[in-house]
Protein chains: 2
Amino acid sequence: MVPTVEKLTRTDAGLASQLRVSVARLSRRLRNERDPDSTISVSGLSVLGVLFREGESTVGRLAEHERVRPPSMTRTVSCLVEDGYVVRRPHDTDGRQTVLTLSEKGEETVRVERRRRDAWLAVRLRELSPEERDVLRRAAPILEALSQKG
Amino acid sequence: MVPTVEKLTRTDAGLASQLRVSVARLSRRLRNERDPDSTISVSGLSVLGVLFREGESTVGRLAEHERVRPPSMTRTVSCLVEDGYVVRRPHDTDGRQTVLTLSEKGEETVRVERRRRDAWLAVRLRELSPEERDVLRRAAPILEALSQKG
DNA sequence: TATTGTTATACTCTATAACTATA
DNA sequence: TATAGTTATAGAGTATAACAATA
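Anyway, here's the lowdown on the structure attached to this text.

In the vicinity of DNA strand C there are 23 residues, among which Gly60(A), Thr74(A), Ser41(B), Arg69(B) and Arg75(B) approach most closely. Sugar plus phosphate, as a fraction of atoms of DNA strand C within 4 Å of the protein: 69%. The side chain of Thr74(A) places a nitrogen or oxygen atom 2.7 Å from a phosphate oxygen of DNA strand C. One of the backbone N or O atoms of Thr98(A) is found 3.4 Å from a phosphate oxygen in DNA strand C. Listing elements by their share of the surface near DNA strand C, those giving two or more residues are helix 4 (59-65) and helix 5 (70-82) of chain A together with helix 5 (70-82) of chain B. Of the residues contributing to the surface near DNA strand C, the split by class is five nonpolar, 11 polar and seven charged.

As structure tokens, then:
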């Protein structure tokens, strides 16, 4: 199949290098599978995804999660609010904070974008052998755990 | 371990979704492991990587490879030339084209940055069980092939 | 005083449009 | 006329510094 790759991954350092390149490339491909007519930005979509998973958040927590500075997140969120994807409301007990949640439009946008990118990948997965799919099925949770370490 | 993930990946659509999220997150982590004191940009580093692998290229081919418009690549390359990472020379037979290659400094930069990011990942890999590493060892070439499809 | 978030401002990366030089 | 690359200019996203409001 791909002899040089298999040879490289025999050592841990080789595996690290190969995995890094593979993951970066696949990630780039997946990012490019966005709706070209969509007005929403990549960073905006990422924020919607976090709110979808976590239910609600604040500017500070979102900034930390996305590894961005608070003023940058303020701006991203302001655009999302202006375009109707996100709703701001005051925090119950802490007047300094603002709580952010998805609007109906925001939730629907997340679902549509996910379907779109999952579709691209699902087609490629169907072209693999059952054995290859099985390897990826077992690799997915390991990759997930890797990114949460450190 | 992570029951929800294992359940999700039983179907192909679920595997696509899970793999997409895992890959995107791991990729983000790896990108953040860059040298904070480095003056070179992420896109610049990516271009150096292509030149390292392919030996030489042109503005047009690099723009296509990085999915960027030619004027953007002209600017990225100009910075790389100005900072001494890349060398321009005229094409042998076609006077319109410019051939780009890495300088010594450019090659060394690629090696240093690779070592740095591989080091982060290699540490995480050592924390896995031998069985988990084996799964990733077999998954790496499949992920690589996936990104080259379509 | 410390924390949360915002405004003001500037820098980087990318894009489109128009131009030059060569094929 | 078409292609490769560049210049001019503008938009999007992020950063730092300074500020306001609240804890």
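Still more ground to cover, so stick around.
Before going further, it helps to examine the interface of chain B and chain A. Counting from both sides, the interface comprises 55 residues of chain B and, opposite them, 55 residues of chain A. The interface formed by chain B and chain A includes two salt bridges. The partner of Asp118(B) in a salt bridge is Arg20(A), with the nearest N and O atoms 2.7 Å apart. Our count for the chain B to chain A interface comes out at nine residue pairs in polar contact (both at pLDDT 80 or more). Of all elements in the fold, only helix 2 (12-31), helix 3 (42-54), helix 6 (104-126) and helix 7 (130-147) of chain B reach the threshold of two or more residues within the side of chain B that touches chain A. Here the side of chain B that touches chain A is built from residues that sort into 22 nonpolar, 11 polar and 22 charged.

What counts as what
- All residue numbers here refer to positions counted from 1 along the written sequence of the relevant chain.
- Working convention: letters from A go to chains and numbers from 1 go to ligands, in the order in which they are written.
- Since the coordinates come from a predicted model, pLDDT governs what is reported: local features require at least 70, and pairs of side-chain atoms require 80 or more to be given and counted, while whole-chain, interface and lining totals use all residues.
- As a rule here, side-chain values come from all non-hydrogen atoms in the structure, and water together with hydrogens is ignored.
- If even one non-hydrogen atom of a residue comes within 4 Å of a molecule or strand, that residue is called near it.
- Under the rule applied, a polar contact is a pair of N or O atoms within 3.5 Å (in protein, one hydrogen donor and one hydrogen acceptor; residues adjacent in sequence only if both atoms are side-chain atoms).
- Starting at the N terminus, helices and strands are each numbered in turn, a helix being any DSSP run of H or I of at least four residues and a strand any DSSP run of E of at least two.
- Classification convention: Asp, Glu, Lys, Arg as charged; Ala, Val, Leu, Ile, Met, Phe, Trp, Tyr, Cys, Pro as nonpolar; all other residues, Gly among them, as polar.
- A contact between two residues is defined here by any heavy atoms of the two lying within 4.5 Å.
- Just to be clear on terms, a salt bridge is a Lys or Arg side-chain nitrogen sitting within 4 Å of an Asp or Glu carboxyl oxygen.

In short, the description is geometric, and any link to function would need to be established separately.
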